[in-house]
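Below are the chains, spelled out letter by letter.
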Amino acid sequence: DTGVSQNPRHKITKRGQNVTFRCDPISEHNRLYWYRQTLGQGPEFLTYFQNEAQLEKSRLLSDRFSAERPKGSFSTLEIQRTEQGDSAMYLCASSPRITGTSGTGELFFGEGSRLTVL
Amino acid sequence: QKEVEQNSGPLSVPEGAIASLNCTYSDRGSQSFFWYRQYSGKSPELIMFIYSNGDKEDGRFTAQLNKASQYVSLLIRDSQPSDSATYLCAVNGDTDKLIFGTGTRLQVFP
């Protein structure tokens, strides 16, 4: 399978615990994005990387959230001291380098990691 | 004001009809526009993208863009029950990220 892979697919944790999600993008894509989605809402941008560089982080993102992409390949998203409000689907997407047409390249999403905080 | 606005629906159309989904955006500098389909419990999948004013057709789907009116639409011809899903409009923001609307839920009934 050459798509975007995320794990774990489901995570149930108690409030206050730390959780980490992993994303393996499509191999030739150099951009990697993290989004969060709650029921009835569209995906909300969290952060993105170009290769190993984190280029942007949402202003709405708590400092309990941190993301890394150490070698420009897979990425991890860690949430420290989880709160019930962190319960959501965490989506990873990758995108090829922008070429030709202007603007952002299309995003290809993984299946997501669903977090439930009790 | 939300950056990307969509009517949440549900939009109900009979099988075989044309479904029309609409989206407005606030950033006049936006250059790339995308439509994603999301089935319940699944992740979004790309249907179409459009960069230039006018229409772009792909099979039963047509995307329409009017930058002057800051308006994007998606037409689905010959709607099928399998088209029942949430349709997300996405627009590139002031940096290289996509801003999504809340989505429109489409229901196609036999």
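All values reported here derive from a predicted model rather than from experimental measurement.

> So what's going on with the sheet that holds strand β7 (residues 61-66) of chain B? Which residues, and what values?
All names here are of chain B. Spatial ordering of the open sheet is given by β1-β3-β8-β7-β6, a layout of five strands whose pairing is antiparallel. Since the sheet does not close on itself, it has two edges, and those belong to β1 (4-5) and β6 (54-58), each with one partner. As judged from the five bridges shared by β6 and β7, these two strands associate in the antiparallel manner. Within β7, the position partnered with Asp-55 by the bridge is Gln-64.

> I'd like a description of the state of the cysteines, backed by residues and values.
Residues and elements named next belong to chain A. Applying the stated criterion across every chain yields a total of two disulfides over all chains. Disulfide pairing is shown between Cys-23 and Cys-92; the S-S distance is 1.9 Å. Judged by the sign of its S-S torsion, about -70°, the cystine formed by Cys-23 and Cys-92 is left-handed. Of this pair, Cys-23 sits in strand β3 (residues 19-24) while Cys-92 sits in strand β9 (residues 88-95), and the two are 69 residues apart along the sequence. For Cys-23, a relative accessible area of 0% gives the class buried.

> Run through the side chain of A:Arg36, naming residues and quoting values.
You can see A:Arg36 is positioned in strand β4 (residues 31-37). Setting aside chain neighbours within four positions, we find A:Arg36 in contact with A:Gly42, A:Pro43, A:Glu44, A:Leu46, A:Phe65, A:Ala88, A:Met89 and A:Tyr90.

> Give me the environment of B:Gly101: which residues, what numbers.
Mapped onto the elements of the fold, B:Gly101 is located in the loop between β10 (98-100) and β11 (104-109). Residue B:Gly101 is classed as buried on the basis of its relative accessible area, which comes to 1%. Here the alpha-carbon distance between B:Gly101 and B:Ser8, two residues 93 residues apart in the chain, equals 9.3 Å. Among residues more than four places away in sequence, those in contact with B:Gly101 are A:Gly42, B:Val4, B:Gln6, B:Leu88 and B:Cys89.

> So what about the pairing of β7(B)? Which residues, and what values?
Within a regular beta strand, the side chains point alternately toward one face of the sheet and then the other, so they alternate between its two faces. Residue and element names in this part refer to chain B. Connecting β6 to the antiparallel partner β7 that follows it, the hairpin turn spans two residues, and Gly-59 within it adopts a positive phi of roughly 65°. Bridge count between β7 and strand β8 (residues 71-76): six bridges; the pairing is antiparallel. Following the sheet pairing, Thr-62 is matched in β8 by Leu-75. Hairpin connection between β7 and β8: a loop of four residues separates the two successive antiparallel strands, and Gln-70 in this loop has a positive phi of roughly 55°.

> Got a sec to walk through the interface of chain A and chain B? Specific residues and values, please.
Each side of the interface is counted separately: chain A has 23 residues, and chain B has 20 residues. For the chain A and chain B pair, buried surface summed over both sides reaches about 1800 Å², with 51% attributable to carbon and sulfur atoms. There are one salt bridge connecting chain A and chain B. The partner of B:Lys97 in a salt bridge is A:Glu56, and the shortest N-O contact between them spans 2.8 Å. Only β4 and β5 (44-50) of chain A provide two or more residues apiece to the side of chain A that touches chain B. By residue number, the principal contributor to the side of chain A that touches chain B is β4(A), which donates four residues.

> Lay out the pattern of salt bridges in plain terms, naming residues and giving numbers.
Residues and elements named next belong to chain A. A complete count under the given rule lists eight salt bridges over all chains for this structure. Among the ionic pairs, Asp-24 bridges to Arg-22, the shortest N-O distance being 2.8 Å. For Asp-24, a relative accessible area of 24% translates into the label partly exposed. Relative accessible area serves as the criterion here: at 31%, Arg-22 is assigned to the partly exposed category. Linked through salt bridges whose partners overlap, the residues forming this network are Arg-64, Glu-83 and Asp-86.

> An account of the side chain of B:Lys97 is needed here, citing residue identities and associated values.
In this fold, B:Lys97 is placed in the loop between β9 (85-92) and β10. Looking at B:Lys97, its side chain comes within polar contact range of the side chain of A:Glu56, at 2.8 Å.

Reading the values: rules and limits
- Residues numbered from 1 in each chain as written.
- Chains lettered and ligands numbered in written order.
- Predicted model: local features only at pLDDT ≥ 70, side-chain atom pairs only at ≥ 80, totals over all residues.
- Heavy atoms only, no water.
- Pairing = 2+ DSSP bridges.
- Helix = DSSP H or I, 4+ residues; strand = E, 2+ residues; numbered from the N terminus.
- Disulfide = S-S within 2.5 Å.
- Buried < 20%, exposed > 50% of the residue type's maximum accessible area, 1.4 Å probe, protein only.
- Contact = heavy atoms within 4.5 Å.
- Buried area = accessible area lost by both parts, 1.4 Å probe.
- Salt bridge = Lys/Arg side-chain N within 4 Å of Asp/Glu carboxyl O.
- Polar contact = N/O pair within 3.5 Å; in protein donor to acceptor, adjacent residues only side chain to side chain.

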